[in-house]
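# Survey of secondary and tertiary structure
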Amino acid sequence: MRILILGGDGYLGWPTAMRFSSRGHDVHVVDNYLRRSAHREAGTDSLTPIAPDLHARVAAWHEVTGRTITVTEGDLNDWETVETVFRDVQPQAVVHYGEMPSAPYSMKDRAHAVFTQTNNVVGTLNVLWAIRDLAPDCHLVKLGTMGEYGTPNIDIEEGYLQIVHNGRTDYLPFPKLPGSMYHLSKVHDSHNIHFACRVWGLRATDLNQGVVYGIQTDETRLDDRLLTRFDYDDVFGTALNRFCLQAVIGHPLTVYGKGGQTRGYLNIVDTLRCIELAVTHPAQAGEFRVFNQFTESFSVLDLAELVQKAGAEVGLDVAIGAVNNPRIEQEEHYYNPAHTKLLDLGLRPHLLSAELVESMFSVIARFKDRVIPDHILPRDRWRPQT
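Residues numbered from 1 in each chain as written. Predicted model: local features only at pLDDT ≥ 70, side-chain atom pairs only at ≥ 80, totals over all residues. Heavy atoms only, no water.

### With respect to the overall build of the chain
Our working rule: Elements are defined by DSSP. Helices are runs of H or I of four residues or more, strands are runs of E of two residues or more, and each kind is numbered from the N terminus. We compute the radius of gyration from the C-alpha atoms alone; for a globule the expected value is 2.2 Å times N to the 0.38, where N is the number of residues. For every residue, the accessible area (1.4 Å probe, protein chains only) is compared with the maximum for its type, and the residue is labelled buried under 20%, exposed over 50%, or partly exposed between those bounds.
Along the backbone of the chain there are 12 helices and 14 strands. Scaling as 2.2 N^0.38, a compact globule of 386 residues should have a C-alpha radius of gyration of about 21 Å, and the chain matches this with 20 Å. Taking the principal axes of the C-alpha coordinates as reference, the chain spans close to 65 × 55 × 45 Å. In the chain, buried positions account for 55% of the 386 residues.

### Structural notes on the pattern of salt bridges
What counts here: Definition used for salt bridges: Asp or Glu carboxyl oxygen within 4 Å of a side-chain nitrogen of Lys or Arg.
For the structure shown, the criterion picks out 21 salt bridges. Residue Glu-276 pairs with Arg-23 through a salt bridge whose shortest N-O separation is 2.8 Å. With Glu-276 in helix α9 (residues 268-280) and Arg-23 in the loop between α1 (13-22) and β2 (26-31), this residue pair connects regions lying 253 residues apart in the sequence. On the basis of relative accessibility, which here comes to 11%, the residue Glu-276 falls in the buried class. Residue Arg-23 is classed as partly exposed on the basis of its relative accessible area of 43%. Two residues, Arg-229 and Asp-231, come together in a salt bridge whose shortest N-O distance is 3.1 Å. According to the relative accessible area criterion, Arg-229 is buried, its value standing at 2%.

### Some remarks on helix α10 (residues 300-313)
Our working definition: By this rule the span expected of a helix is its residue count minus one, scaled by 1.5 Å. Of all possible arcs, the one meant is that of the directions from the helix axis to the C-beta atoms. Any two residues having at least one pair of non-hydrogen atoms within 4.5 Å are treated as being in contact.
Between its terminal C-alpha atoms α10 stretches 20 Å, which fits the 20 Å expected from 14 residues at 1.5 Å a residue. By the burial criterion, the buried members of α10 are Val-300, Leu-303, Ala-304, Val-307, Ala-310 and Gly-311. What you see down the axis of α10 is that its buried residues fit within an arc of 130°, all on one side. When the buried face of α10 is taken as reference, the exposed residues oriented beyond 90 degrees from it are Lys-309, Ala-312 and Glu-313. Buried residues belonging to α10 abut α8 (239-249), β10 (253-256), β11 (262-267), β13 (296-299), β14 (320-323) and α12 (354-366). Immediately beyond the C-terminal end of α10, within one or two residues, lies Gly-315, with a positive phi of roughly 85°.

### A word on the pairing of β11
Note the threshold: Think of it this way: DSSP has to see at least two bridges between two strands before they count as a pair.
Across the 6 residues of β11, 5 count as buried, placing the element largely inside the fold. Looking at chain direction, strand β9 (residues 211-213) and β11 are connected through 3 bridges and run parallel. Bridge assignment links Val-212 to a residue of β11, and that residue is Leu-266. Relative to β13, β11 is paired through 4 bridges, and the arrangement is antiparallel. Residue Arg-263 lies in a different strand from β13, and its bridge partner there is Phe-298.

### Examining the side chain of Thr-262
Here is the rule we go by: Polar contact is defined as a pair of N or O atoms within 3.5 Å, subject to the rule that within protein one atom must be able to donate a hydrogen and the other to accept it, and that residues adjacent in sequence are counted only when both atoms are side-chain atoms.
In this structure, Thr-262 sits in strand β11. In terms of polar contacts, Thr-262 uses its side chain to reach the backbone carbonyl oxygen of Gly-260, at 3.0 Å. Filtering out sequence-adjacent residues up to four positions away, Thr-262 remains in contact with Ser-297, Phe-298, Ser-299, His-333 and Tyr-335.

From the geometry alone we can't say anything about function, so treat these as descriptive.
Structural data, given as structure tokens:
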């Protein structure tokens, strides 16, 4: 299968490219190195050393495995780039990671908010028009987020909800309560993709992903040159990844507020499997599917206590700290989202355990001299300063 991966230089994009390539698919990746430039702007970096660009990465992949991945360095907001890639590759499936992926980044200030929404929404619109006009049978697999739903006081379904109102019934998209300008951009994407399926007959799967953790996959273990990035900073680092690094370097775990914020989580290995299942079981023409992509739910405090316990098993004295919450979010709430559709397709989850956390400790310890301590505590507040 010809598979186009947008955002192929990222934390998930690069392992996904290697996974499909290892299974014999023709893989082409596109990236404009947005995450790298955002880190340079902030003075931060990946904990794991990563190759300087995609050309170096695919060269290492070819040397280690004999397999080929092709590359375009370009921006999805540039129509000429998108048009050229779709004409040349003629993809049968598009895996779309190619967006600015950080809620804190999107809430820094007006400029970052505007960039986030422009970058994400316009880039996805370009992709939709390219599929419509240049690859109409292509299946779009778009990485969404569970953050689109927010934390409503009802059970969260997978994308749709049956509504009964004034004696009439319909099956409609589940209401959205996003908590940041980034999550809002994902909501706009979902609406635009749904429209394209309804009106143009495109086929798409929206993967509302939970929070991803982990460092290694089968492919990254082959050679250090194939490592994916690992972010631990206050802008791009996700909760469990941050806590594991903080435990290794002896920094108190940064629990925001009461720590009751509950979200869905999954291992990076399960992300790759979910993407693979979505690609190999495509949506029908005109169908807009929504899968909730996570395996377990935890509160922030649950994760901190698990990391503390795992640390004790390997001789780490892990303290749990309290940090004034820089975000505007409910710290105690109901949370019960459905997530059966990927299980029905064959997902067999790798559930979180102390042993898995300890394996993350060992990789982090190898690179702990690369930590930039000044960027662990949150700097940006979402509430206007008075």
